[in-house]
Amino acid sequence: MQRPEVGELTPPDRTLMGPGPSDVHPRVRRAMTTPLVGHLDPAFVDLMDEVQELLRYAFRTDNEWTIPISGTGSAAMEAAIGNLVEPDDTVLVPGNGYFGGRMASMVERAGGETVTVDAPWGEPLDVDDVRAAFDSHDPDLLAFVHGETSTGVLQPDVSELTDLAHDNDALTIVDAVTTFGGVELRVDDWDVDVAYSAAQKCLSAPPGASPLTLNERAMAKIEERDATVRSWYLDLSKLADYWGEERAYHHTAPITNVYALREALRLAAEEGIEARWERHEHVAGALRAGVEAMGLDLASTSWLPSLNTVRLPAGVDDGAVIEGLLDGYDIEVAGGLGDLSGEVLRVGCMGHSARPANVLALLAALGNVLEGEEIDADAGLAAARERL
Ligand SMILES: *Cc1c(COP(=O)(O)O)cnc(C)c1O
């Protein structure tokens, strides 16, 4: 084997406006260059407490069980599902997007049975359909996605859904990966039993340490389990030894990711979580006004500020648009998934990426890339500028 000749790391300087990761804030980047300490160092143990306190603030919860899971958002999703779902539990899952499908396959791996409540891709679940599914299937858990990143749909009426579940003695698991830190989310007020997220969406930290919160109802269900959790790594009764009182070794926490998460959460607390939700709505509102004034539509009937699905003009190749934005302007966006594949651009407006300059740059670049199509690029820019 020859000695490889690999050059110095020089990633391109992109503006990240896709479904995640988003642009990392300079202060978060700086936090990641600070020295490592051990994961059981008293200094790190104090830092763990701070991260938990900051997470509770951002989740709007007093839940004691509020921790970062080592791994990306899917690890937090699997921790939620793997611990809550016991073999033979029935779980109601959503059929209106890509991540609902991922939840379903995790439920099945955990030994649970799924029943699906459907809505077209681009629309939220209808509370009446969820009620009907409860009446016919009597599920033990209701899992749903607060912000479906594949469709740009915000699930409204969260507390109506959690009330419905609790009236039927079921618990709720909410995917808040694309809403946490960017869109109104109130875990306690809305009586959500379990919610999880990721670091690289509206928090603008690198992926690798993912927020999870569970209330007492959820912890009681876990404590009463007969069957052991199938994952050793994500078993919350084992993680309790590390994140709980004892602080005993379970696995080595990703120290640098926890530093980054702490700084990102500190930024969110400085801004104020409500002000941060408003900023996302304001900046993404200008983006939305801009694309609509250009003559393009959003593919979602329930707007999710952090992720905008922009329908492309008929006959336009999404791959060419994405490549044009990346190669010509260093702007990253993504294409559609599943039922929306080939039809839309997915434009994120998350965390540190949710800035007026990014919206204007994106609209200008999109206007250039779509030149020759029947769009009004100037009107788009003017509309966004007016809103900002
Ligand atoms: C990104 C995302 C996930 C998965 O997170 P990873 O960090 O990619 O593992 C789950 N759910 C939603 C809604 C997401 O947007």
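None of these values were measured; they are calculated from a predicted model. (Residues numbered from 1 in each chain as written. Predicted model: local features only at pLDDT ≥ 70, side-chain atom pairs only at ≥ 80, totals over all residues. Heavy atoms only, no water.)

A closer look at the overall build of the protein chain
Here is step 1 of the chain: Helix and strand counts for the protein chain come out as 13 helices and 14 strands.
Here is step 2 of the chain: On C-alpha atoms alone, the protein chain measures out to a radius of gyration of 21 Å, which is about the 21 Å that the 2.2 N^0.38 rule sets for 388 residues.
Here is step 3 of the chain: Projecting the C-alpha coordinates of the protein chain onto the three principal axes gives extents of approximately 65 × 55 × 50 Å.
Here is step 4 of the chain: For the protein chain, long-range pairs separated by at least 24 residues make up 73% of all intrachain contacts whose partners lie at least 6 apart in sequence.
Here is step 5 of the chain: With an accessible surface of roughly 16500 Å², the protein chain has 46% of that area assigned to carbon and sulfur atoms.
Here is step 6 of the chain: Considering the protein chain, the positive charge centre built from 28 side chains and the negative charge centre built from 67 side chains are found 7 Å apart. (Helix = DSSP H or I, 4+ residues; strand = E, 2+ residues; numbered from the N terminus. Rg over C-alpha atoms; globule rule 2.2 N^0.38 Å. Contact = heavy atoms within 4.5 Å. Areas by Shrake-Rupley, 256 points an atom, 1.4 Å probe, with all protein chains shown as cover. Lys, Arg positive; Asp, Glu negative; His and termini not counted. Charge placed at Lys NZ, Arg CZ, Asp CG, Glu CD.)

Re the sheet that holds strand E14 (residues 344-348)
Here is step 1 of the chain: If you walk across this open sheet you meet the three strands as E11-E14-E13, and the pairing is antiparallel. Both outer strands of the open sheet, strand E11 (307-311) and strand E13 (334-335), are each paired with one neighbouring strand and no more.
Here is step 2 of the chain: Strand direction decides the pairing type here: E13 and E14, joined by two bridges, are antiparallel. Bridged to glycine 335 within E14 is leucine 345.
Here is step 3 of the chain: On top of the sheet, helix H11 (residues 318-329) reaches E13 and E14; it is set at about 35 degrees to E14, its chief contact. (Pairing = 2+ DSSP bridges. Axes fitted to C-alpha atoms, helices over the stretch in contact; angles between N-to-C directions.)

Some points on the domain arrangement of the protein chain
Here is step 1 of the chain: Taken domain by domain, the protein chain consists of domain 1 (26-270) and domain 2 (273-387).
Here is step 2 of the chain: If you average the C-alpha positions of domain 1 and of domain 2, the two centres end up 28 Å apart.
Here is step 3 of the chain: Both sides of the domain 1 and domain 2 interface together cover about 2200 Å² of buried area, and 61% of this is carbon and sulfur.
Here is step 4 of the chain: With a shortest N-O distance of 3.1 Å, glutamate 274 and arginine 186 are connected by a salt bridge.
Here is step 5 of the chain: Seen at the junction of domain 1 and domain 2, the total is 13 residue pairs in polar contact (both at pLDDT 80 or more).
Here is step 6 of the chain: Put simply, the parts of the chain that give the side of domain 1 that touches domain 2 at least two residues each are helix H2 (42-59), strand E6 (147-148) and strand E7 (153-154).
Here is step 7 of the chain: Its residues assigned to classes, the side of domain 1 that touches domain 2 comprises 14 nonpolar, 11 polar and six charged. (Domains from an automatic or database assignment. Buried area = accessible area lost by both parts, 1.4 Å probe. Salt bridge = Lys/Arg side-chain N within 4 Å of Asp/Glu carboxyl O. Polar contact = N/O pair within 3.5 Å; in protein donor to acceptor, adjacent residues only side chain to side chain. Nonpolar A, V, L, I, M, F, W, Y, C, P; charged D, E, K, R; others polar.)

Observations concerning the packing of H2 against helix H9 (residues 255-271)
Here is step 1 of the chain: It is the contact of H2 with H9, at a shortest axis distance of 9 Å, that shows an interaxial angle of 40 degrees. In terms of axis orientation, H2 runs oblique to H9. The two elements H2 and H9 meet at a crossing, and its hand is left-handed. On H9, the residues that touch Phe44, Leu47, Glu50, Val51, Leu54, Leu55, Tyr57 and Ala58 of H2 are Ile255, Val258, Tyr259, Leu261, Arg262, Leu265, Arg266, Ala268 and Ala269. (Parallel < 35°, antiparallel > 145°, perpendicular 65-115°, else oblique. Left-handed = near helix turned anticlockwise from the far one by under 90°.)

Here's the deal with the site of the ligand
Here is step 1 of the chain: Around the ligand, the structure places 13 residues, and the nearest of them are Thr72, Ser74, Thr149, Gln200 and Lys201.
Here is step 2 of the chain: Measuring from an oxygen atom of the ligand, one finds a side-chain N or O atom of serine 74 at 2.6 Å.
Here is step 3 of the chain: Contact distances for the ligand include 2.7 Å between an oxygen atom and a side-chain N or O atom of glutamine 200.
Here is step 4 of the chain: Contact with the protein chains hides 89% of the accessible area of the ligand, taken as 380 Å² for the molecule alone.
Here is step 5 of the chain: Within the residue set of the shell around the ligand, elements represented by two or more residues are helix H3 (73-84) and helix H4 (98-109).
Here is step 6 of the chain: No other element matches H3, which puts three residues into the shell around the ligand. (Near = heavy atom within 4 Å.)

Thoughts on the sheet that holds strand E10 (residues 209-214)
Here is step 1 of the chain: Ordered in space as E2-E10-E9-E8-E5-E3-E4, the seven strands form an open sheet in which the pairing is mixed. The open sheet has two edge strands, strand E2 (65-70) and strand E4 (113-117), and neither has a second partner. For this sheet, the mean angle separating the axes of adjacent strands, direction not counted, is 20 degrees.
Here is step 2 of the chain: Where strand E3 (residues 90-94) meets E4, five bridges bridge the pair, whose relative direction is parallel. Looking across to E4, one finds that threonine 90 is bridged to glutamate 113.
Here is step 3 of the chain: Here H3 sits on the sheet and contacts E2, strand E5 (141-145), strand E8 (171-175), strand E9 (194-196) and E10; the angle it forms with E10, its principal contact strand, is near 30 degrees.

Details of H9
Here is step 1 of the chain: Taking 1.5 Å per residue, 17 residues should reach 24 Å; H9 reaches 25 Å between its end C-alpha atoms and fits that length.
Here is step 2 of the chain: Among the residues of H9, Ile255, Asn257, Val258, Tyr259, Ala260, Leu261, Glu263, Ala264, Leu265, Leu267 and Ala268 are the ones counted as buried.
Here is step 3 of the chain: In the core, the buried residues of H9 are packed alongside helix H1 (26-31), H2, E2, E10 and helix H10 (273-294).
Here is step 4 of the chain: Remark: glycine 272 follows H9 within two positions and exhibits a positive phi of approximately 95 degrees. (Expected span 1.5 Å × (residues − 1). Buried < 20%, exposed > 50% of the residue type's maximum accessible area, 1.4 Å probe, protein only.)

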